[in-house]
Amino acid sequence: MRLAIGMLTATALLVGTAQAQELRVGFMATFTGPGANLGQHLRDGFLLGLDHLGGKLGGLDTRLFIADDQLKPDVARQEVDKLLEKEKVHFVVGVVFSNILLAIYKPVIESGAFLISANAGPSQIAGAQCSERFFSTSWQNDQTHSALGKYAQEKGYKRVFLLAPNYQAGKDGLTGFKRYYKGTVVDEVYTQLGAVDFSAEIAKIQAAKPDAVYAFMPGGPGIALVKQYFQAGLTKQIPLLSAFTVDDTSLPALGSAAEGLISASQWAADFDNPANRRFVADFRAKYGYVPSYFAAQAYDAAQFLDAGIKGAGGRLDDKAALRDALRRAQFPSVKGKWKLNTNHIPINDFYYVTPGKLADGTPAMVKGELVFADYGDEYAKDCPMRW
Amino acid sequence: MEPTLLVVQFLNGIQLGTLLFLVASGLTLVFGILDVINLAHGVVYMVGAYAAASTFVRSGSLALAIAIAPVAALLVGLLLDRLVLRFLYDRNHLDQVLATFGVILFVDEAVRAIFGPAALPYPLPPAFEWSLELPGGATYPAWRLVIIVSGLVLAAILFGILHRTRAGMVVRAAATDPGMLAMLGVDIRRLFLVVLGAGSALAGFAGALAGPIVAVQPGMGDSVLILSFVVIVTGGLGSVQGALLGSFLVGLADTLGRSFLTDLLRLLLPPAAANEVGPALASMAIYLVMAIVLLIRPQGLVSLRRAAR
Amino acid sequence: MRAATRAPVSVRKLEGGSVAPLVFVALALAVLGADLWAGPYYVKLLTRAMIVALAALALDLLVGLAGLVSLGHAAFVGIGAYAVGILAEHGITSGWIQWPVALVASAAAAAVIGALSLRTRGVHFIMITLAFAQMLYFAANSLSRYGGDDGLTIWNRSDFGGIVSLADRRTFAWLCFVLLLSVYVALARLSASRFGRVLRGAKDNERRMAALGFAVTRFRLVAFVISGTVAGLAGVLLANLTEFVAPAYMSWHRSGELLAMVVLGGMGSLYGAILGAFAFVLLEELLSRFTTHWALLFGPFLVLVVLVGRGGIAGLLARLGRIR
């Protein structure tokens, strides 16, 4: 009976019979606490993607279950257990933060469902612990840092001051930067988690007189850092390069304090391709704010699932076929191109981006020159998967 | 170069200390008079910052924004008293902690629901976008000077009121021995309301001052609250003098720890180890200071009750 | 005099009277029912609630019995969890090694922190326990060898060589049940013993107990160490349940939540802490199902519990019992 349904997928779909033909997707992100803003971007992007596909991924009726990880690893684990065991989802999509992704990684990939990261990309998962049940529509964490390191190197900055929060992603981030930056690192300062006063660090920067500062400071602390750097009059004197600090989620709060600051990204709102033009216009019309890379990656995640499930003929229980179809999936990505590395993380072009204006004058991060073409992450070689 | 850096970092510590004092002074008096632990004090700080930020963005007037913040904070502080605090006067500390923790959850979430989860813009007007040139090439941002000066002026006014006026004497007496004062016919509850209102206004003012420096977002009061508690416990509960002392101690310990600890450790340890240990120790610095103070003087630096006994 | 007349009542309350057995019977039925009808997710949810209840129970021994309000108890949960995680990371998965190491580590930490903290009283005690917990939290954050703040995935649960398999959710749930029950019985006996009476006496009047010749601080230190060790056991179980450890387990929010559970359930009754933990975990689960703004409901609920529900859930049950 099961086989018969499998063979008659198309007809089954038309008459809408078997329960197995309903696609169940769990979407997990951070909706409460300091990271809630990013979760909102991620969810809105995914919802718009689903909307553009008529509410059906791969032509299947799709039921979406939204879960809040609260940025607490054990809550995330509980929520993902609910998605897997109670809602019996076929896919878990989303996840803003690396520590949350790591907390839910084992249960999801061992359950038979697929895990699609729309943002976080920790090195463990990109490397030795990669899995055929895991796919990403974003990046590996280090890539943006490396792109900025390369930018600093090409700009000829001789002495750079590094600043990051005292946690794992911070240390990894600075390592990523140093991979392509070969000049002198005058100092490497790690700040307290959630710190909002950077006067001590700024004074050290002033004393060290570097050619440039590289900062990785996501969320509220990043906003504080950029404002204080500007107030100290340093923005015009010492270029501030940053990752995940000045972006479309923080730009509204930063305003003119972010003017001229450099970051890097594999996507910007002014990317000129048909998919992106439609995405940005409809996103702004529907949600009333400018999408960020979080939203873009989640939008791509919906398109990616759609293409993959279609490629597998809508058969959700043949995991090997579904995996192969996801690997082969092609769709009009808002980034302008789509290619997966062997570790299932996209190979991206990275551009430097800077605050500017969209065609209608709205402030947004806009694309600068290309820094890295077809950049696959460094950890892929440690991943044993070959396909 | 080093001496200038030291001066700048010292100023930074003082600036953090003045902000903390504005929040901590209200907290310590509220505790001193009615023995109430008010965790919702951090929320009031956030309200001040939100009131100032939204006023400034709409009106463009920083003066108006900074004037409105304490008023909004005062109203919220008194509203909280009406709704929650007044039922907690005679309860134990645990009940107070739990109920005001509930208030934090509610107000943080309400702010998120109303203003959205993203940080509000709160830029500085161009008039303050300059820095003081210090000898040796260092600079100090004007707005931070404004914070230091206005904070110190307010602290001076507060001390003037507390030590030079009759009303202040009553407040100090209430913080030392409220039972005795009540017997003398002073309406402790009314006095408490006045102090709570003033403390809330100060916290709201601190929020308005800090807004342009930090990110104005839901939950911004939580870290300030914890720091303020560290301050008042280190300084001695109920004592405004202790709060001032504690504020500067915590401000300086935090700032100097962050600036010099890693460098100092590099003299002793290999750089990689210093990079590992330094920031961790710097994060712990204020808690270490508090633990040490409490171990040596379990009542804090300035002990009111003991002096009164 | 008043204290003397009150004592028998509170002793009865502490032993749980007829309520505590009902609580455990209900719990056993819930686990059984969830297993049979509601599905695996609910078994896990109950398991998590039982683990949290164990930590709350540990805290109630301190708060309710000894009157020592610790705002740093999540640190001991974290130490227990990290001991499992770190040993597993080094390939030592045997539970016969992991569990004793974890318990000894949390007991040792509790002995040091307790000895120092007990020099203070009241609010100062709250704050100094918070201070130590924060230091441990920041220390865990800087353990980059073990993932720093990203935390550590535990690829294999504690291995007891085929005697019990923690990988089986049913076994794991019943193991938690048995542990919770045994710890409850042990602590209830302890609280009814001379040891418990000294602690309660010192809570009501420290000077009197000291004058009677009891080394109050030593009794309190023992209570602190027992409490820390039980919290460490909760950490061991939590690490095995979530197959993950992170510094977030030790944040002050978690310590605050544990306190909230104790008050919610009704302080000093021990079984109240268990009820409080269940109410907390289940309410969070229920409310978050309705809206992502669940804190808008949960915050006022906490306020109401304090304002209206004196004595928490246990107090409510006691009152109901009296009416009957």
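My aim in this report is to walk through the structure given alongside it, one point at a time. (Residues numbered from 1 in each chain as written. Chains lettered and ligands numbered in written order. Predicted model: local features only at pLDDT ≥ 70, side-chain atom pairs only at ≥ 80, totals over all residues. Heavy atoms only, no water.)

**So, the overall build of chain C**
Then, in step 1: For chain C, the helix and strand inventory stands at 14 helices and two strands.
Then, in step 2: For chain C, the exposed area adds up to about 12500 Å²; of that, 67% sits on carbon and sulfur atoms.
Then, in step 3: Each charge sign in chain C was given a centre, from 27 positive and 14 negative side chains, and these centres are 16 Å apart. (Helix = DSSP H or I, 4+ residues; strand = E, 2+ residues; numbered from the N terminus. Areas by Shrake-Rupley, 256 points an atom, 1.4 Å probe, with all protein chains shown as cover. Lys, Arg positive; Asp, Glu negative; His and termini not counted. Charge placed at Lys NZ, Arg CZ, Asp CG, Glu CD.)

**What about the overall build of chain B?**
Then, in step 1: Of regular secondary structure, chain B possesses 12 helices and two strands.
Then, in step 2: Taken from N to C terminus, the helices and strands of chain B fall in the order α-α-α-α-β-β-α-α-α-α-α-α-α-α.
Then, in step 3: Rg of the C-alpha trace for chain B: 20 Å, near the compact-globule value of 19 Å for 309 residues, within the 12% margin.
Then, in step 4: Based on the C-alpha atoms only, the size of chain B along its principal axes is roughly 60 × 50 × 35 Å.
Then, in step 5: If you take every contact in chain B between residues at least 6 apart in sequence, the share linking residues at least 24 apart comes to 77%. (Rg over C-alpha atoms; globule rule 2.2 N^0.38 Å. Contact = heavy atoms within 4.5 Å.)

**Section: the interface of chain B and chain C**
Then, in step 1: With 40 residues of chain B in contact, the opposing surface of chain C contributes 36 residues.
Then, in step 2: Between chain B and chain C, the buried area comes to about 3600 Å², and carbon and sulfur atoms account for 80% of it.
Then, in step 3: Among the residues chain B hides against chain C, the three largest losses belong to Leu94(B), Leu98(B) and Leu295(B). Together they make up 19% of the total.
Then, in step 4: Summed over the shared surface of chain B and chain C, the number is zero salt bridges. (Buried area = accessible area lost by both parts, 1.4 Å probe. Salt bridge = Lys/Arg side-chain N within 4 Å of Asp/Glu carboxyl O.)

**Quick word on the interface of chain C and chain A**
Then, in step 1: Contact residues are listed per partner, giving 35 residues for chain C and 29 residues for chain A.
Then, in step 2: Both sides together, the interface formed by chain C and chain A hides about 2900 Å², and carbon and sulfur atoms give 51% of it.
Then, in step 3: The three residues of chain C that bury the most area against chain A are Tyr41(C), Asp150(C) and Trp155(C), which together make up 23% of that side's buried surface.
Then, in step 4: In this structure, the connection of chain C to chain A is made through seven salt bridges.
Then, in step 5: Between Lys72(A) and Glu257(C) there is a salt bridge, with its nearest N and O atoms 3.4 Å apart.
Then, in step 6: Looking at the side of chain C that touches chain A, the element that brings in the most residues is helix 3 (residues 40-65) of chain C, giving six residues.
Then, in step 7: Considered class by class, the residues forming the side of chain C that touches chain A number 15 nonpolar, eight polar and 12 charged. (Nonpolar A, V, L, I, M, F, W, Y, C, P; charged D, E, K, R; others polar.)

**Quick look at the pattern of salt bridges**
Then, in step 1: If you walk through the whole model with that rule in mind, you get 45 salt bridges over all chains.
Then, in step 2: Lys86(A) is the partner of Glu87(A) in a salt bridge, and the nearest nitrogen-oxygen pair spans 3.5 Å.
Then, in step 3: Here Lys86(A) falls in the partly exposed class, since its relative accessible area comes to 30%.
Then, in step 4: With its nearest N and O atoms 3.0 Å apart, the salt bridge here joins Asp349(A) to Lys337(A). Here the residue Asp349(A) occupies a position in strand 12 (residues 348-357), and Lys337(A) occupies one in the loop between helix 14 (319-328) and strand 12, the gap between them amounting to 12 residues.
Then, in step 5: Here Lys337(A) falls in the partly exposed class, since its relative accessible area comes to 37%.
Then, in step 6: One salt-bridge network, held together by shared partners, links Arg77(A), Asp81(A), Glu85(A), Lys106(A), Glu110(A), Lys44(C), Arg157(C), Arg169(C) and Glu243(C). (Buried < 20%, exposed > 50% of the residue type's maximum accessible area, 1.4 Å probe, protein only.)

**Considerations on the side chain of Lys72(A)**
Then, in step 1: Position of Lys72(A) relative to the elements: it lies in the loop between strand 3 (60-68) and helix 4 (73-86).
Then, in step 2: Not counting residues up to four positions away in its chain, the partners in contact with Lys72(A) are Ile100(A), Arg254(C) and Glu257(C).

**As for the sheet that holds strand 1 (residues 23-29) of chain A**
All names here are of chain A.
Then, in step 1: Read from one edge to the other, the open sheet built from six strands follows the order 2-3-1-4-5-6, with strand pairing classed as mixed. Looking at strand neighbours, the two that pair on one side only are strand 2 (56-57) and strand 6 (134-136), the edges of this open sheet.
Then, in step 2: Relative to strand 4 (residues 91-94), strand 1 runs parallel, the two being bridged by four bridges. Considered in strand 4, the bridge of Val25 is made with Phe91.
Then, in step 3: Contacting strand 4, strand 5 (114-117) and strand 6, helix 14 runs over the sheet at an angle of about 20 degrees to strand 5. (Pairing = 2+ DSSP bridges. Axes fitted to C-alpha atoms, helices over the stretch in contact; angles between N-to-C directions.)

**Details of the pairing of strand 3 of chain A**
Each regular strand displays side chains that alternate between the two surfaces of the sheet.
Residue and element names in this part refer to chain A.
Then, in step 1: Bridge analysis of strand 1 against strand 3 gives seven bridges, and the strand direction is parallel. Across the sheet, residue Met28 finds its bridge partner in strand 3, namely Ala67.
Then, in step 2: Pairing between strand 2 and strand 3: two bridges, direction antiparallel. Each residue of the ladder has a partner; that of Lys56, found in strand 3, is Asp61.
Then, in step 3: From the end of strand 2 to the start of strand 3, which pair antiparallel, there are two residues, and Gly58 there has a positive phi angle of about 60 degrees.

**Concerning the packing of aromatic side chains**
Then, in step 1: Overall, the coordinates contain 46 aromatic pairs over all chains when judged by the stated rule.
Then, in step 2: Ring geometry for Phe177(A) and Tyr181(A): centres 5.4 Å apart, planes at 35 degrees, overall tilted. The same class applies to Phe177(A) and to Tyr181(A), which are both buried.
Then, in step 3: Summarising the aromatic geometry, the rings of Tyr89(B) and Phe192(B) are spaced 5.0 Å apart at their centres and angled 75 degrees between planes, so their arrangement reads as edge-to-face. Of this pair, Tyr89(B) sits in the loop between helix 3 (62-83) and helix 4 (93-115) while Phe192(B) is found in helix 8 (residues 188-210), placing the two residues 103 residues apart along the sequence.
Then, in step 4: Given the relative accessible area of 0%, Phe192(B) is considered buried.
Then, in step 5: Every member of this aromatic cluster is reached through a ring pair, and the members are Phe91(A), Phe114(A), Phe135(A), Phe304(A), Phe331(A) and Trp338(A).
Then, in step 6: Positioned above the aromatic ring of Phe372(A), the side-chain terminus of Lys150(A) is 4.5 Å from the ring centre. (Phe/Tyr/Trp six-rings, centres within 6.5 Å; stacked < 30°, edge-to-face > 60°. Lys NZ or Arg CZ within 6 Å of the ring centre and 35° of its normal.)

**Looking at the state of the cysteines**
Residue and element names in this part refer to chain A.
Then, in step 1: Counting across every chain of the model gives one disulfide over all chains.
Then, in step 2: Shown here is the disulfide that connects Cys130 with Cys383, its sulfur atoms set 2.1 Å apart. Disulfide Cys130 to Cys383: torsion about the S-S bond roughly 80 degrees, handedness right-handed. Of this pair, Cys130 sits in the loop between helix 6 (123-126) and strand 6 while Cys383 sits in the segment after strand 13 (363-375), and the two are 253 residues apart along the sequence. The residues Cys130 and Cys383 share a single accessibility class, namely buried. (Disulfide = S-S within 2.5 Å.)

**A few points about a nonpolar patch on the surface**
Residues and elements named next belong to chain B.
Then, in step 1: On the surface, Leu264, Leu267, Leu268, Leu269 and Val277 cluster together into a nonpolar patch covering about 510 Å² of accessible area.
Then, in step 2: The greatest single-element share of the nonpolar patch, amounting to three residues, is contributed by helix 10 (residues 240-268).
Then, in step 3: Along the chain, Leu268 turns up in helix 10.
Then, in step 4: On the basis of relative accessible area, Leu268 is assigned to the exposed category, the value being 71%. (Patch = residues over 30% accessible without salt bridge, like charges linked within 9 Å, V, L, I, M, F, W, Y side chains within 5 Å.)

**Describing the sheet that holds strand 9 (residues 212-216) of chain A**
Residues and elements named next belong to chain A.
Then, in step 1: One open sheet accounts for four strands, arranged 8-7-9-10; its pairing is parallel. Each having just a single partner strand, strand 8 (184-191) and strand 10 (240-243) make up the two edges of the open sheet. Between one strand axis and the next, the sheet turns by 20 degrees as a mean value, whatever way the strands run.
Then, in step 2: Looking at chain direction, strand 7 (residues 159-165) and strand 8 are connected through seven bridges and run parallel. When the sheet's bridge partners are listed, Leu162 is paired in strand 8 with Glu188.
Then, in step 3: Here helix 9 (residues 199-208) sits on the sheet in contact with strand 7, strand 8 and strand 9, set at roughly 170 degrees to strand 7.

On their own, these measurements won't tell you what the molecule is for.
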